[in-house]
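For reference, the chains in residue letters:
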Amino acid sequence: MENLFPSNLVELLTISVAFSFIIMSLIQKLKKITIINRDIHIIILNLIFSFALSVPFVKYFYNLTTYDGLWVGLFTFIGAPTLYKVFKNQKVITYHPESLNDTITIPISKEIKYDK
């Protein structure tokens, strides 16, 4: 793989995937605020958080340079919305298990009648 992609690029892409999950979760929490009601607001939040948090993230957790942090921010800005759409389409994000319902439906044919 070294012939196709430099190891540094693969490392930065791997870090940006992990960081994309963090940014995606943060933006989902912020979408609940009433003033964030348009797609442009979400894009701006993604841009700000991707670049503002990526540099401290890579410096603290991976001991990388500021330039590497900016690359992670760029990959995260592109990747976080894509990951969200993929998981939403796969129903990973919108999945609600049936066990959360507090009612059970039993067909009449399965009813057990007791004689009193």
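Every value quoted in this text rests on a predicted model; they were computed, and no experiment measured them.

**Considerations on a nonpolar patch on the surface**
A grouping of Tyr 67, Leu 70, Trp 71, Leu 74 and Ile 78 is seen on the molecular surface, where their side chains present a nonpolar patch of about 530 Å² in accessible area. Mapped onto the fold, Ile 78 is located in helix α3 (residues 66-89). Using a relative accessible area of 52% as the deciding quantity, one classes Ile 78 as exposed.

**Focus on the packing of aromatic side chains**
Inspection of the entire model under this criterion finds five aromatic pairs. Taking 5.8 Å as the distance between ring centres and 35 degrees as the angle between the ring planes, the aromatic pair formed by Trp 71 and Phe 75 counts as tilted. Here Phe 75 and Trp 71 lie together in helix α3, a separation of four residues that amounts to about one turn. The buried category is assigned to Phe 75, whose relative accessible area is 19%. Within the aromatic cluster, the residues linked to one another by ring pairs are Phe 19, Phe 57, Tyr 60, Phe 61 and Tyr 62.

**Observations concerning the side chain of Ser 50**
Along the chain, Ser 50 turns up in helix α2 (residues 39-62). If near-sequence neighbours (up to four positions away) are discounted, Ser 50 is found in contact with Phe 19, Ile 23, Gly 73, Thr 76 and Phe 77.

**Some words on α3**
With 24 residues, α3 should reach 34 Å at 1.5 Å per residue; the first-to-last C-alpha distance of 34 Å fits that figure. The sharpest bend along α3 measures roughly 30 degrees and falls at Gly 79, with the proline Pro 81 sitting one to four residues further on. On its buried face, α3 sits against α1 (7-30) and α2.

**Description of the packing of α2 against α3**
In contact at an axis separation of 8 Å, α2 and α3 are set at 145 degrees when each is read in the N-to-C sense. The element α2 and its partner α3 pack so that their crossing is right-handed. Taken together, the residues of α3 that come into contact with α2 (itself represented by Ile 43, Asn 46, Leu 47, Ser 50, Phe 51, Ser 54, Val 55, Val 58 and Lys 59) are Thr 66, Asp 68, Gly 69, Leu 70, Val 72, Gly 73, Leu 74, Thr 76, Phe 77, Ala 80 and Pro 81. Among the residues making up the contact of α2 with α3, the classes are represented as 11 nonpolar, seven polar and two charged.

Conventions and cut-offs
- Residues numbered from 1 in each chain as written.
- Predicted model: local features only at pLDDT ≥ 70, side-chain atom pairs only at ≥ 80, totals over all residues.
- Heavy atoms only, no water.
- Patch = residues over 30% accessible without salt bridge, like charges linked within 9 Å, V, L, I, M, F, W, Y side chains within 5 Å.
- Areas by Shrake-Rupley, 256 points an atom, 1.4 Å probe, with all protein chains shown as cover.
- Salt bridge = Lys/Arg side-chain N within 4 Å of Asp/Glu carboxyl O.
- Helix = DSSP H or I, 4+ residues; strand = E, 2+ residues; numbered from the N terminus.
- Buried < 20%, exposed > 50% of the residue type's maximum accessible area, 1.4 Å probe, protein only.
- Phe/Tyr/Trp six-rings, centres within 6.5 Å; stacked < 30°, edge-to-face > 60°.
- Contact = heavy atoms within 4.5 Å.
- Expected span 1.5 Å × (residues − 1).
- Bend = angle between axes of the 7 residues up to and from the residue.
- Axes fitted to C-alpha atoms, helices over the stretch in contact; angles between N-to-C directions.
- Left-handed = near helix turned anticlockwise from the far one by under 90°.
- Nonpolar A, V, L, I, M, F, W, Y, C, P; charged D, E, K, R; others polar.

Remember that the coordinates give geometry; whether it matters functionally is a separate question.
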